[in-house]
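Below, each chain spelled out in residue letters.
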Amino acid sequence: MQRREMIKLVSGGFLAMMTHSFARAEKTPQKKKVLFFTRNVGYYHDIVKRENPNELSFAEQRLVEIAGDMDVEVVCTKDGRVFDQDLSEYDAFAFFCNGDLTQPSDANEPPMSAAGKQRLLAAVREGKGFFGFHSTCGCWRTPGDLYANAPQDKVDPFLRMVGAEFLAHGPQQEASLTLVSHRLPPIASLGIAEGVAFYDEWYSMKNFNPDMHVILVQETRYLEGDCYRRPPFPCTWARREGEGHVFFTSMGHTEDVWTSPIFATFVTAGLNWVLKNVNVDLPANFRRVTPQADVLPKPPSKK
């Protein structure tokens, strides 16, 4: 064989090998990444407290585990300055927060800047995902009458994105939730036709964004507490914010909830939605499944 022909064969083999290598790399999807932000201003939820700075809180550990089963990486932080940095590496943001996150806190965790908040909202509108847990609907609460709904343009843009606002809660107790949508996988795999029950701290909420797709409805008839003397309202939902996907659940106060396989299934479904792992039609059903959700309880009597 002549040297020129050998060079052609070697070169051709090298190119074929490189082409195969690149093709194989293209077929391997890059691991998706979620930023889990758990800064609390005011009341600090035990479930996201860290015993020391080098150990994750219970909720942080569980989200890392649940997401890990999906081959999704979770980066946990309580430093609000992260939102002034490059957010392009994250596919979605998860929050277990409360209060005005731009203000200082007793825990001395760096706050978000006003610009950082706007960068977060813009990132979601432009296509990033957002997953809110429990007290996240208690961030930047609407001034004025606590027991009244506000016009949507008066509600903080962060809460409009989340989909509702915290009103009050009663004692921790067991409650039933009606399952009104099986569309997001893997919820259907639970084989639950009507609903589930958990022991948790249940939020009564207001200022619902009517474009949401409700998944779980909070039953109120048997709950202890005046703030639940109202018709059923959404507990867990999904919605779109511009090009981004949003998921929220008011559950998550207790360790028992976080260790429940059923709750883990709903978290997995939420991650599937916010990370755009599934192509599912989730039309607004708020008016149909919770038609009186905007009817609020009477304010507590003054003694």
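Residues numbered from 1 in each chain as written. Predicted model: local features only at pLDDT ≥ 70, side-chain atom pairs only at ≥ 80, totals over all residues. Heavy atoms only, no water.

Trainee: Can you walk me through unusual backbone geometry in this structure?
Mentor: Where the residue is not glycine, phi is negative for most of them; where a peptide bond is considered, it is trans in most cases. Here the amide bond leading from Pro185 into Pro186 is cis, since omega sits at 10°, within 30 degrees of zero. Along the chain, Pro186 falls in the loop between strand S6 (173-179) and strand S7 (195-200). Unlike most non-glycine residues, His134 shows phi in positive territory, near 45°. Along the chain, His134 falls in the loop between strand S4 (129-133) and helix H4 (157-162). You can call His134 buried: its relative accessible area is 0%. The phi dihedral of Lys276 is positive, around 60°, even though this residue is not glycine. You can see Lys276 is positioned in the loop between helix H6 (261-274) and helix H7 (286-289). (Helix = DSSP H or I, 4+ residues; strand = E, 2+ residues; numbered from the N terminus. Buried < 20%, exposed > 50% of the residue type's maximum accessible area, 1.4 Å probe, protein only.)

Trainee: How should I be thinking about helix H3 (residues 114-125) in this particular structure?
Mentor: It helps to recall that an α-helix has 3.6 residues per turn; residues three or four apart then point in one direction. The end-to-end C-alpha separation of H3 is 17 Å, in line with the 16 Å expected for 12 residues at 1.5 Å each. When we look at burial in H3, the residues that qualify are Gly116, Lys117, Leu120, Leu121, Ala122, Ala123 and Val124. Against the buried residues of H3 lie strand S3 (92-95), S4, H4, strand S10 (233-241) and strand S11 (244-249). Backbone geometry just after H3 places Gly127 at a positive phi near 135°. (Expected span 1.5 Å × (residues − 1). Contact = heavy atoms within 4.5 Å.)

Trainee: What am I meant to see in the side chain of Thr265 here?
Mentor: Tracing the backbone through its elements, the reader meets Thr265 in helix H6. On the basis of relative accessibility, which here comes to 14%, the residue Thr265 falls in the buried class. Apart from residues no more than four positions distant in its own chain, Thr265 is found in contact with Pro186, Ile187 and Leu190.

Trainee: Please explain the pairing of S3 as it appears in this structure.
Mentor: Covered by surrounding structure in S3 are Ala92 and Ala94 together with Phe93 and Phe95, the residues of both alternating faces. When S3 meets S4, the two strands line up parallel, connected through four bridges. Bridged to Phe95 within S4 is Gly132. Where the polypeptide runs from S3 across H3 and back to S4, its parallel neighbour, the crossover connection is right-handed. (Pairing = 2+ DSSP bridges. Right-handed = clockwise from strand over helix to strand, strands pointing away.)

Trainee: Looking at this structure, I do not really get H6. What am I missing?
Mentor: Counted at 1.5 Å a residue, the expected span for H6 with its 14 residues is 20 Å, and the 20 Å between its end C-alpha atoms agrees. Of all 14 residues in H6, 12 are buried, a share of seventy percent or more. Of the residues making up H6, those classed as buried are Phe263, Ala264, Thr265, Phe266, Val267, Thr268, Ala269, Gly270, Leu271, Asn272, Trp273 and Val274. One side-chain oxygen at the N-terminal end of H6 lies 3.2 Å from the backbone nitrogen of Ile262; it belongs to Ser260. Lys276 occupies a position one or two residues after H6 and carries a positive phi of about 60°. (Polar contact = N/O pair within 3.5 Å; in protein donor to acceptor, adjacent residues only side chain to side chain.)

Trainee: Can you walk me through the sheet that holds strand S1 (residues 33-37) in this structure?
Mentor: The strands making up a sheet are joined through hydrogen bonds of the backbone, oriented either antiparallel or parallel. Pairing is mixed across the open sheet formed by nine strands, whose spatial order is S2-S1-S3-S4-S11-S10-S9-S6-S7. Two strands close off the open sheet at either side, each with one partner strand: strand S2 (73-77) and S7. Strand-to-strand twist of the sheet, defined as the mean angle between neighbouring strand axes without regard to direction, takes the value 20°. With three bridges connecting them, S6 and strand S9 (residues 213-218) associate as antiparallel partners. Bridging across to S9, Leu177 finds its partner in Gln218. Sitting on the sheet, helix H2 (residues 58-68) touches S1, S2, S3 and S4, and the angle it makes with S2 is about 165°. Here H3 sits on the sheet in contact with S3, S4, S10 and S11, set at roughly 125° to S3. (Axes fitted to C-alpha atoms, helices over the stretch in contact; angles between N-to-C directions.)

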